[in-house]
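# Understanding the architecture of this molecule
The chain contents come next:
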There are 2 protein chains.
Amino acid sequence: MFVRNKFVQKRVAFPEYEIIEAAYNPVDIAVKIVHDGRADILMKGNVQTGALIKSVLNKDYGIMKGKLLSHVLFVESPVFHKVFLVTDSAIVTNPDLLHKKAILESAVYALNSIGYKKPKVAVLTAVENVNPKMQETVDAAELKRLNDLGEIKNCIVEGPISTDLALDKEASKIKGFSSPVAGDPDILLMPNLVAGNIAVKIIRLLGQSTVAGLVLGAKAPIVLTSRSTSAKSKFLSIALSVAIANKE
Amino acid sequence: MFVRNKFVQKRVAFPEYEIIEAAYNPVDIAVKIVHDGRADILMKGNVQTGALIKSVLNKDYGIMKGKLLSHVLFVESPVFHKVFLVTDSAIVTNPDLLHKKAILESAVYALNSIGYKKPKVAVLTAVENVNPKMQETVDAAELKRLNDLGEIKNCIVEGPISTDLALDKEASKIKGFSSPVAGDPDILLMPNLVAGNIAVKIIRLLGQSTVAGLVLGAKAPIVLTSRSTSAKSKFLSIALSVAIANKE
């Protein structure tokens, strides 16, 4: 269904959809519809992302389920042998260990729900050893330990691991790094937002990859489209959201 | 010339080169040779990077010139219209504003020395606005201000700027972001080492780019080869070092 502001100038007929005319706060109305179980996906239209997130987080009619919202981007690269997922490149600015654990678990949950039994997670850093001056390496080792202990389930976590070892099995052989994740990851967990954001934009622009993104952590997948997102990418994001929503 | 440990097992004849047999500390001897002006480039062989850097930084016979060492990587992407340089993805772990200024100035100096009069610098962040919760955006705005004031010379600095606006002129038009740097950068200044490291490895592996790297800040360019570096990349790194060393 569409929720639209009744003052919207350009009217388009969608006879196959239910149209809800919203005099005020179309965002709140859309979130309430998901809250009431009348819709399975929330998708951002021509509204501010901040307003949407605020409504999602609202304690009365909001739709939070997990510990935090995070963004996952599915990537299909013309030169990599499988689709992988990158998280988080859009929402959690400076994640600490607990944030990273929640981000990781959301991505694993999404992949589990569409048929991946044990997705392989690469916790990306610049190096393979733990360096106390690089907090992301400490966090990566701890995430791997929690996975080994069974506190992070339904996945195989490797870290700290550098990007060449994560993406290139040959490089990991040369460096003597042995891991089922090396060269074959399903999830790239980024150390922080700015690294993730730069990475996914390079993947898209210089890596000429097809991407589809959605936001996890709410009762329904959220599609956050950007003005510069292609129609194909939007379509794939909706399709993935449908798959994940149906399995939840 | 080659400096080699006299205990090296595998001997190779290089009649056109001067060979220096070093019983101990071949690294120190090589650095001293550069220090004395008898060589124009320092290149790492089968020694530890840490030992090399330590010797370069030595106060008595070391070869530091700038404020700090930093790594620059020249990138030739099959889908971008020009070569650009990425810094720093290998040496300065958590750069503060002054470190970033020094990293930026080293890269500009290198490009100036090989003929770029006013290289265009994109100070990469995840967004275009200054956000106090994202220190890299604050630093980026300050670097741009210092450039406007003439305190960072011989270049055009833009920031904060996101990667899509830096690499894609169309995206910057859609978002109404006007800058000579948008879509046409010569230098991508990374917010920190881990973001830079992930970015350059993605550029190389998923972006299928040719890269050539060297270390700046010493009296001579330093070529730091890695075991997983291709012969072509090593060759280009040496060639660029020669060009930069000859112009200094």
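It should be emphasised that the depicted structure is a prediction, and the values quoted were computed from it without experimental measurement.

### Overview of the relation of the copies chain A and chain B
Here chain A sits on chain B after a turn of 180° about the axis and a move of 0.0 Å along it, with an RMSD of 0.0 Å. On this basis, the relationship between the two copies can be described by a two-fold rotation axis.

### Description of the nonpolar core
Residues Leu188 of chain A together with Leu188 of chain B are the most contacted members of the largest nonpolar core, which totals 59 residues. With 9 residues, the top contributor of residues to this core is helix H7 (residues 193–205) of chain A. Setting aside its immediate chain neighbours within four residues, leucine 188 of chain B contacts Phe84, Leu85, Val86, Thr87, Ala122, Leu124, Ala166 and Leu167 of chain B.

### Brief notes about the side chain of serine 113 of chain B
Residues and elements named next belong to chain B. Position of serine 113 relative to the elements: it lies in helix H3 (residues 97–113). Look at serine 113 and you get buried, because its relative accessible area is 13%. A polar contact is formed between the side chain of serine 113 and the backbone oxygen of alanine 110, at a distance of 2.7 Å. Look past the residues within four positions of serine 113 in its chain and what remains in contact with it is Ile244 and Lys247.

### So, the interface of chain A and chain B
With 39 residues of chain A in contact, the opposing surface of chain B contributes 39 residues. Here lysine 201 of chain B makes a salt bridge to aspartate 164 of chain A, at a shortest N to O gap of 3.5 Å. For the pair chain A and chain B, the interface holds 2 residue pairs in polar contact (both at pLDDT 80 or more). Here the side of chain A that touches chain B takes 11 residues from H7 of chain A, the largest share from any one element. Residue composition of the side of chain A that touches chain B, by class: 19 nonpolar, 12 polar and 8 charged.

### Description of helix H2 (residues 49–57) of chain B
An α-helical turn contains 3.6 residues, so a residue and the one three or four places further along point in the same direction. Residues and elements named next belong to chain B. Taken residue by residue, H2 has Leu52, Ile53, Ser55 and Val56 as its buried positions. Taken end-on, H2 shows its buried residues confined to a sector of 160°, consistent with a single buried face. Looking at the buried positions of H2, the neighbouring elements they touch are helix H1 (26–35), strand S3 (42–43) and strand S10 (222–223).

### Looking at the domain arrangement of chain A
Residues and elements named next belong to chain A. Domain boundaries in chain A define domain 1 (2–65 + 218–247) and domain 2 (71–213). Each of domain 1 and domain 2 has a C-alpha centre, and these two points are 28 Å apart. Across the boundary between the two partners, domain 1 contributes 9 residues, which contact 9 residues of domain 2. For the pairing of domain 1 and domain 2, the buried interface totals around 900 Å² over both sides, and the portion due to carbon and sulfur atoms is 64%. When the buried surface of domain 1 facing domain 2 is broken down by residue, Leu240, Ile244 and Lys247 rank first, second and third, together holding 43% of it. Inspection of the domain 1/domain 2 interface yields 0 salt bridges. For the interface between domain 1 and domain 2, the tally reads 2 residue pairs in polar contact (both at pLDDT 80 or more). Taken together, the residues that form the side of domain 1 that touches domain 2 break down as 4 nonpolar, 2 polar and 3 charged.

What counts and what doesn't
Position labels on residues start from 1 in each chain and follow its written sequence. Note on labels: chains are lettered from A, ligands numbered from 1, in written order. Confidence filtering applies because this is a predicted model: local features only for residues at pLDDT of at least 70, side-chain atom pairs given and counted only at 80 or more, and all residues used for totals across whole chains, interfaces and linings. Note: side-chain values were computed over all heavy atoms of the structure, leaving out hydrogens and water. In this comparison the copies share one frame, found by least squares on the C-alpha atoms of residues holding pLDDT of at least 70 in both. Buried residues of nine kinds, namely Ala, Val, Leu, Ile, Met, Phe, Trp, Tyr and Cys, make up a nonpolar core once their side-chain atoms join them within 4.5 Å. Burial status follows relative accessibility: with a 1.4 Å probe on protein chains alone, a residue under 20% of its type maximum counts as buried, one over 50% as exposed, and anything between as partly exposed. Counting from the N terminus, the helices are DSSP H or I runs at least four residues long and the strands are E runs at least two residues long. Whether two residues are in contact is decided by their heavy atoms: any pair within 4.5 Å suffices. Each polar contact in these results corresponds to two N or O atoms within 3.5 Å; when the atoms are within protein, one needs to be able to donate a hydrogen and the other to accept it, and residues that are neighboring in sequence are counted only if both atoms are side-chain atoms. Salt bridge, as used here, is a side-chain nitrogen of Lys or Arg placed within 4 Å of a carboxyl oxygen of Asp or Glu. In the scheme used here, Gly and all other residues not listed as nonpolar or charged are polar, with Ala, Val, Leu, Ile, Met, Phe, Trp, Tyr, Cys and Pro taken as nonpolar and Asp, Glu, Lys and Arg as charged. The arc in question is formed by the directions pointing from the helix axis toward the C-beta atoms. For the domain bounds, the source is a domain assignment made automatically or taken from a database. Buried area: the sum, over both parts, of the accessible surface (1.4 Å probe) that disappears when the two are put together.

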